[in-house]
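The primary structure of each chain is shown beneath.
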Amino acid sequence: MAIIKIKNLEKTYNKKQIPVHAINGIDLTFQEGEFTALVAPSGAGKTTFLNLLGGLDAPTGGSIEIGGKRMDHLSSAERTRFRLEHIGFVFQAYNLIPVLSAAENIEFIMELQGVPKKERSARSKELLEAVGIADKANIRPGQLSGGQQQRVAVARALASKPKFILADEPTANLDSKSTENLLDIMQKLNEKENITFIFATHDARVVKKARRVITLEDGKVISDEVKK
Amino acid sequence: MILKIAWRNIWRNPIRSWIVIMALTVGMYAGVFSTTFMHGWMMQRLRAGIETETSHIQVHLPGFKMAEDVKSYFTNSSQLVHEIENIEGVEAASERVVISAMVASAEKASGIKVIGVDPGKDTLVVNVNKQMFDGSWFKGVKRNPIVIGYKLAQELKLKVRSKVILRFQDSQGDFSGGAFRVAGIFKTLNTGFDEGNLFVQNSDLRSLITISNDSAHEIVIRCDDPTMVDKVVGKVTAKAQGLEVESWMEISPELGYLTETMNLYMYVFVIIILIALGFGIVNTMLMVVLERVHELGMLMAVGMRKGQVFIMILLETLMLSALGGFVGIVLGIVTTQLTAKTGIDLSMWAEGLSEMGFASIIYPEYNLQMVIGVSVLVIFTGVLAAVYPAYKALKLNPSQALQSI
């Protein structure tokens, strides 16, 4: 089932002066349960594409439909609510809240959603177990390794039971072992729970694990390959 | 959780937070202590003014206060005093004969207000008798005793048992006078009062100005409860037909305005301190927001509404301000309580202060209304100081904020 439909997507910066076409007419569809790598050299528009897909930015043309809802028709506040309910984010720099423990970072998202305390505690415990760091629940991010922090970030992204997870270069700051562990966790979650992952990356290890690889260049899709 | 994040965020840079807290603590401590100090000082003056000089309520013939004419006396004064004493809320009342006179010693002469009192009853209303510097309140001198102020005694070079001559106009308009002997010398907080007033016995003065023993120029009244003065004024007015009944606020409005003016002045002082501190808080919180642009972008990216980000910054500022403010206010109150017992000695300036009617040992007084007012101002400053940094956070675009370092 298609959960994301993108039609003729455009994002142009400095429209009035010298226009820069960061995204230049992309048409794509993502199915539920996909494990997709979006590959592009630096500056080719993959972060911009991810920002548009995640509702962090508004397109200047075209449309994005997620679960039947047009993202480009939503206000900034509505996009924020939509992100909270339906999209999970994993960032390159982990981006955890430094003053909260691992468990609190996960619970924070659920609190924003209005999930009751008991349910939040149970789910954060369950998620930390799923990413293999249940023993680090009460540790703050600053005392965790890069790999552990990224696992907390994955658990946080899953906390809101999103439709899909957008991961922007999630392995860029990790060593090979941590990368391998993280990818295994995400692959398992994808296979077991049918969670859709879309990675923006140029890490060959991620590309190798992905079942679909989309290549961007100059804001356009130049190849879209589904592995068998 | 937002409250928890805001609280923990404060302690991410403890040195910076402590500097702001300390600045607020010192500012608020200074504000609160100055307020209680000034309030205590003014209240001392107010109490001294009422308890020594004016009493709570005075009764006269209309217009007497303007001219203090010897002929402006009323009769049946003893009966009226008796009736007033029976009014609920009146602790004591005493009649007085009041004239303007010239007082002369062997050395010098001076213009003066002569107050004829019933030595026993008057002490139930005002407390000049408790402020004797030398001699006693009408004791030790058999004929025509007089009690004078310290300053006047110095000017006229008088001592206890010295002879003094009073000259004045009697009720018939004739020139009159008499010789008196000093029974006591009083010294109040107000040099002006000591210099301009002296006390004789009602009976002596009545015969000299040729008015009956049942006549008086003034009745002074002390109330059970100083806060009920206005109610008692109403009741006395009903009894004292044709007479003017005034509370101490009307007799000496400067005393009433003293505390109000000082409170206003102290509010202005505290507001100035808070404005200066407010700029410091704005600066700190602006740094906090600018340092955390990336993190704020992340919070918005994962679903935190802009309003919640705004509230988080507001809470951080408020907690920072409230903490510093609270510590300062508590320290101010503690210092007030400590010095309220020992007093603060300003004897170095005793002469000048006494000339203005002020005490030289100040007992700071805690004023709950003022402390609440200052606390509200601290919170208000915190909110106001948070608005601009929080607005800056509100204006962030999550995608751009995430790209900042």
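Residues numbered from 1 in each chain as written. Chains lettered and ligands numbered in written order. Predicted model: local features only at pLDDT ≥ 70, side-chain atom pairs only at ≥ 80, totals over all residues. Heavy atoms only, no water.

### Here's the deal with a nonpolar patch on the surface
Next up, step 1: Together, Phe326(B), Val327(B), Val330(B), Leu331(B), Val334(B) and Leu338(B) make up a nonpolar patch on the protein surface, roughly 520 Å² of accessible area in all.
Next up, step 2: Within the element layout of this structure, Leu331(B) appears in helix H13 (residues 306–342). (Patch = residues over 30% accessible without salt bridge, like charges linked within 9 Å, V, L, I, M, F, W, Y side chains within 5 Å. Areas by Shrake-Rupley, 256 points an atom, 1.4 Å probe, with all protein chains shown as cover. Salt bridge = Lys/Arg side-chain N within 4 Å of Asp/Glu carboxyl O. Helix = DSSP H or I, 4+ residues; strand = E, 2+ residues; numbered from the N terminus.)

### Digging into the packing of helix H12 (residues 293–301) of chain B against H13(B)
Residues and elements named next belong to chain B.
Next up, step 1: Closest axis-to-axis distance for the H12/H13 pair is 9 Å, and the angle between their directions is 140°. As summarised for this structure, H12 and H13 are arranged oblique, according to the angle between their axes. With respect to the hand of their crossing, H12 and H13 are arranged in right-handed fashion. Contacts between H12 and H13 involve Leu296, Leu299 and Met300 from the first element and Lys306, Val309, Met312 and Ile313 from the second.
Next up, step 2: Per-class residue counts for the contact of H12 with H13 are 6 nonpolar, no polar and 1 charged. (Axes fitted to C-alpha atoms, helices over the stretch in contact; angles between N-to-C directions. Parallel < 35°, antiparallel > 145°, perpendicular 65-115°, else oblique. Left-handed = near helix turned anticlockwise from the far one by under 90°. Contact = heavy atoms within 4.5 Å. Nonpolar A, V, L, I, M, F, W, Y, C, P; charged D, E, K, R; others polar.)

### Description of the pairing of strand E6 (residues 163–169) of chain B
All names here are of chain B.
Next up, step 1: Only one face of E6 is covered, namely the one carrying Val164, Leu166 and Phe168; the face carrying Lys163, Ile165, Arg167 and Gln169 has none of its residues buried.
Next up, step 2: Judged from the 3 bridges that link them, strand E2 (residues 90–104) and E6 form a sheet pairing that is antiparallel. Of the residues in E6, the one forming a bridge with Met102 is Arg167.
Next up, step 3: Bridge analysis of E6 against strand E7 (residues 175–186) gives 7 bridges, and the strand direction is antiparallel. Bridging from a neighbouring strand, Val164 pairs with Phe180 of E7.
Next up, step 4: Hairpin connection of E6 to E7: 5 residues between the antiparallel strands, including Gly173 at a positive phi of 90°. (Buried < 20%, exposed > 50% of the residue type's maximum accessible area, 1.4 Å probe, protein only. Pairing = 2+ DSSP bridges.)

### Points about the packing of aromatic side chains
Next up, step 1: Under the definition given, this model contains 15 aromatic pairs over all chains.
Next up, step 2: Judged by centre distance (6.2 Å) and plane angle (10°), the rings of Tyr29(B) and Phe33(B) are stacked. Of the two residues, Tyr29(B) and Phe33(B) both sit in helix H2 (residues 14–54), 4 residues apart, roughly one turn of that helix.
Next up, step 3: Residue Tyr29(B) is classed as partly exposed on the basis of its relative accessible area, which comes to 29%.
Next up, step 4: When its relative accessible area of 17% is taken as the criterion, Phe33(B) is described as buried.
Next up, step 5: On the numbers, 6.4 Å between centres and 55° between planes, the contact of Phe193(B) with Phe199(B) is tilted.
Next up, step 6: Residue class for Phe193(B) comes out buried when judged on its relative accessible area of 8%.
Next up, step 7: One aromatic cluster in this structure is built from Trp137(B), Phe138(B), Phe186(B), Phe193(B) and Phe199(B).
Next up, step 8: For the cation-ring pair, Arg212(A) lies above Phe30(A), with the distance from its terminal atom to the ring centre recorded as 5.0 Å.
Next up, step 9: The side chain of Lys187(B) reaches across the aromatic face of Tyr150(B), ending 4.5 Å from its centre. (Phe/Tyr/Trp six-rings, centres within 6.5 Å; stacked < 30°, edge-to-face > 60°. Lys NZ or Arg CZ within 6 Å of the ring centre and 35° of its normal.)

### Focus on the pattern of salt bridges
Next up, step 1: Following the criterion strictly, the structure yields 27 salt bridges over all chains and no others.
Next up, step 2: For Lys209(A), the salt bridge identified is with Asp184(A), shortest N-O distance 2.9 Å. Residue Lys209(A) is located in helix H7 (residues 204–209), and its partner Asp184(A) is located in helix H6 (residues 176–193); the two are separated by 25 residues in the primary sequence.
Next up, step 3: As a salt-bridge pair, Arg222(B) and Glu91(B) come within 3.6 Å of each other at their nearest N and O atoms.

### Describing the domain arrangement of chain B
All names here are of chain B.
Next up, step 1: In terms of domain boundaries, chain B breaks down into domain 1 (2–49 + 255–403) and domain 2 (62–242).
Next up, step 2: Placing the centre of domain 1 and that of domain 2 at their C-alpha centroids yields a distance of 50 Å.
Next up, step 3: The partner domain 2 presents 4 residues to the 7 residues of domain 1 that form the contact.
Next up, step 4: Between domain 1 and domain 2 lies a buried interface of about 500 Å² when both sides are counted; carbon and sulfur atoms form 42% of it. (Domains from an automatic or database assignment. Buried area = accessible area lost by both parts, 1.4 Å probe.)

### A few points about the confidence of the model for chain A
Next up, step 1: When the pLDDT values of chain A are averaged, the result is 88; 100% of them are 70 or greater.
Next up, step 2: The least confident element of chain A is H6(A), whose mean pLDDT is 85; the most confident is helix H3 (residues 102–113) of chain A, at 92. (pLDDT = per-residue confidence, 0-100.)

### Focus on the sheet that holds strand E6 (residues 87–90) of chain A
All names here are of chain A.
Next up, step 1: Taken together, 6 strands build an open sheet; the order of strands is E6-E7-E8-E3-E9-E10 and the sheet is mixed. Of all the strands in the sheet, the pair left with one neighbour each is E6 and strand E10 (220–226). Between one strand axis and the next, the sheet turns by 20° as a mean value, whatever way the strands run.
Next up, step 2: Here E6 runs beside strand E7 (residues 164–168); their pairing, made up of 4 bridges, is parallel. Bridging from a neighbouring strand, Phe89 pairs with Leu166 of E7.
Next up, step 3: Docked against the sheet, helix H1 (residues 46–53) engages strand E3 (35–39), E6, E7, strand E8 (196–201) and strand E9 (212–217), running at close to 155° with respect to E7.

### Thoughts on the sheet that holds strand E2 (residues 20–31) of chain A
Residues and elements named next belong to chain A.
Next up, step 1: Pairing within the open sheet is antiparallel, and its 4 strands lie in the order E2-E1-E4-E5. With partners counted over all chains shown, the strands left at the sheet margins are E2 and strand E5 (69–70), one partner each.
Next up, step 2: As judged from the 2 bridges shared by strand E4 (residues 61–66) and E5, these two strands associate in the antiparallel manner. The residue bridging Ile66 from the neighbouring strand is Lys69, located in E5.

### Thoughts on the interface of chain A and chain B
In many analyses, interface size is given as the accessible surface area lost on bringing the parts together.
Next up, step 1: Contacts between the two partners involve 25 residues from chain A, matched on the other side by 23 residues from chain B.
Next up, step 2: A buried area of about 2000 Å², summed over both sides, lies between chain A and chain B, and 64% of it is on carbon and sulfur atoms.
Next up, step 3: Here chain A is connected to chain B by 2 salt bridges.
Next up, step 4: Listing elements by their share of the side of chain A that touches chain B, those giving two or more residues are H1, helix H2 (76–86) and H3 of chain A.

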